[in-house]
Amino acid sequence: MEKRISSNASVIYVNGEFYSKGNAKISVFDHGLLYGDGVFEGIRVYNGKIFKLREHIDRLYESANTLMLKIPISRDKMIRDVIKTAGKNRLCTYIRLVVTRGVGTLGLNPFLCPKPQIIIIADKIQLYPASFYKNGLKVITVPTQRNRPEALNPRVKSLNYLNNILAKIEAVNAGFHEAIMLNSYGFVSECTGDNIFIVSKGVLLTPSIYMGVLEGVTRNTVIELAREDNIEVKQIVMSRHDIFNADECFLTGTAAEIVPVVECDRRVIGNGQPGPMTKKLIRLYKNLTNTAGV
Ligand code: PMP
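Residues numbered from 1 in each chain as written. Predicted model: local features only at pLDDT ≥ 70, side-chain atom pairs only at ≥ 80, totals over all residues. Heavy atoms only, no water.

As a further point, take the overall build of the protein. In terms of helices and strands, the protein carries 8 helices and 15 strands. Since a compact globule built from 294 residues should have a radius of gyration of about 19 Å, the 20 Å found for the protein is in line with a globular shape. Burial statistics for the protein: of 294 residues in total, 50% are counted as buried. Look at the contacts in the protein between residues 6 or more apart in sequence, and 67% of them connect residues 24 or more apart. Per element, the accessible surface of the protein, about 14,300 Å² overall, is 55% carbon and sulfur. Across the protein, the centroid of the 38 positively charged side chains sits 5 Å from that of the 27 negatively charged ones. (Helix = DSSP H or I, 4+ residues; strand = E, 2+ residues; numbered from the N terminus. Rg over C-alpha atoms; globule rule 2.2 N^0.38 Å. Buried < 20%, exposed > 50% of the residue type's maximum accessible area, 1.4 Å probe, protein only. Contact = heavy atoms within 4.5 Å. Areas by Shrake-Rupley, 256 points an atom, 1.4 Å probe, with all protein chains shown as cover. Lys, Arg positive; Asp, Glu negative; His and termini not counted. Charge placed at Lys NZ, Arg CZ, Asp CG, Glu CD.)

This is the structure in structure tokens:
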């Protein structure tokens, strides 16, 4: 049942129905809450148009498939419902799409949860301060390793972010905003909520998805934009040494977009300023977000 609300207040989609913020609720027996059993997406809205919606929906269904979580509606219906939710929240700039395992027993068994829950929140995004983009970020590598793909593949965008949260705690405790996470072999994987790129001798490099990274939608978009601009792109096995000696470095993510990185583990990267290829890709990305979307 849709509650009557003022035109600018947000309405939240829960299993096909719309509720006001205060009335959008799920059960305390939901395994999304009890075990982090579920999947999600963060999606941007630019000028009222949803950016890379199909890509986000595809990743959501792939993550769910790996977890044997059967989303009860088709991809096309999900796309329609996300668009509808955004339409009801005219000023939204960010969409959080969540599918939980649903209500079950207090035991782990996901097969005792008969009905996954779908939640769509279309709200505002908390942006990084402008200084991060202008001056670049200083980051550190942290002790907590990225999940091993054999344990929980980072390609699954699950509701269980404790691995990333531990790394974030370590970065913040050390006085930094962001952490670079290594995999169990000591190679670079990604940051707590962003992918990482470096530029070396004119080539754009990023850790391969087999290094234990989320296959970011922004990462794929940046690779595409670079290739269209005749920039060579390689997905590699990356070490800290590669970052320390790179000419440029930046992070990518739906919320963060493209953020320059100018220092890692107290080593200055390049000349300590956001580099020319980073700036060019930021420009190309901005152009795309201004024109693309549904
Ligand atoms: N890595 C992790 C761990 C993430 O959570 C995210 C999304 N915030 C990303 C990378 C970037 O992915 P995307 O570009 O699809 O937002």
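This is not the end of the story, as more comes after the structure.
This part takes up the nonpolar core. Among the nonpolar cores identified, the biggest contains 26 residues, and I71, M78, V82, I95, L97 and I118 are the most heavily contacted of them. Here the element with the most residues in this core is helix α2 (residues 53-66); it accounts for 5 residues. Apart from residues lying up to four places away in sequence, L97 is in contact with V39, F40, E41, I43, I57, L60, M78, V82, I118, I119 and I120. Core analysis: the second largest hydrophobic core is formed by 23 residues, V188, C191, I196 and C264 among them. (Core = buried A, V, L, I, M, F, W, Y, C linked by side-chain atoms within 4.5 Å.)

With that settled, the discussion passes to the sheet that holds strand β4 (residues 49-50). In space, the 6 strands of this open sheet follow the order β2-β1-β6-β5-β3-β4, with antiparallel pairing throughout. On the outer flanks of this sheet lie β2 (17-20) and β4, each paired with one strand and no other. In this fold helix α3 (residues 75-88) packs onto β1 (11-14), β2, β4, β5 (94-100) and β6 (117-123), with an angle of close to 35 degrees to the strand it touches most, β6. (Pairing = 2+ DSSP bridges. Axes fitted to C-alpha atoms, helices over the stretch in contact; angles between N-to-C directions.)

Around the ligand, 17 residues are found, and the nearest of them are Y161, E190, V217, T218 and T254. Here T254 contributes a side-chain N or O atom positioned 2.6 Å from an oxygen atom of the ligand. For the ligand, the accessible surface in isolation is 390 Å², of which the surrounding protein chains cover 92%. Looking at the shell around the ligand, its residues break down into 3 nonpolar, 9 polar and 5 charged. (Near = heavy atom within 4 Å. Polar contact = N/O pair within 3.5 Å; in protein donor to acceptor, adjacent residues only side chain to side chain. Nonpolar A, V, L, I, M, F, W, Y, C, P; charged D, E, K, R; others polar.)

Where nonpolar side chains cluster on the molecular surface, the patch consists of V28, F29, L33, L34, Y35, V103, L106 and L108 and spans about 760 Å² of accessible area. On the basis of relative accessible area, F29 is assigned to the partly exposed category, the value being 40%. (Patch = residues over 30% accessible without salt bridge, like charges linked within 9 Å, V, L, I, M, F, W, Y side chains within 5 Å. Salt bridge = Lys/Arg side-chain N within 4 Å of Asp/Glu carboxyl O.)

Turning next to the pairing of strand β11 (residues 203-207). Across the 5 residues that make up β11, a large majority, 5, are buried. Across the two faces of β11 the burial is the same, with V203, L205 and P207 and L204 and T206 all buried. Pairing of strand β10 (residues 195-200) with β11, which is carried by 3 bridges, proceeds in the antiparallel orientation. If you follow V199 over to β11, its bridge partner there is L204.

Taken as a whole, this structure holds 17 salt bridges when the rule is applied. The salt bridge partner of R148 is E150, with a shortest N-O separation of 3.6 Å. Residue class for R148 comes out partly exposed when judged on its relative accessible area of 39%. Put simply, E215 and R155 hold a salt bridge, and the shortest N to O gap is 3.0 Å. Residue E215 is found in the loop between β11 and α6 (217-228), and its partner R155 is found in the loop between β7 (137-141) and α5 (162-173); the two are separated by 60 residues along the sequence. A relative accessible area of 26% means that E215 is categorised as partly exposed.

Another point: the layout of surface pockets. One number sums up the size of the largest pocket: a volume of about 650 Å³. Of all elements in the fold, only β3 (38-46), β5, α5, β9 (188-191), α6 and β13 (248-253) reach the threshold of two or more residues within the lining of the largest pocket. By residue number, the principal contributor to the lining of the largest pocket is α5, which donates 3 residues. Of the residues in the lining of the largest pocket, the class split is 11 nonpolar, 11 polar and 8 charged. Both of domain 1 (12-123) and domain 2 (130-289) provide at least three residues apiece to the lining of the largest pocket. By volume, the second largest pocket is sized at about 330 Å³. As for the second largest pocket, its lining consists of 15 residues, of which D58, R59, E62, R155 and E215 are closest to the centre. When contributions to the lining of the second largest pocket are tallied by element, the ones reaching two or more residues are α2 and α6. Element by element, the count of residues in the lining of the second largest pocket is highest for α2, at 6 residues. (1 Å grid on protein atoms, 1.4 Å probe; cavity = no way out; pocket = protein on both sides within 12 Å on 5 of 7 lines; lining within 4 Å. Points joined across faces, edges and corners; volume = space filled by probe spheres on them. Domains from an automatic or database assignment.)

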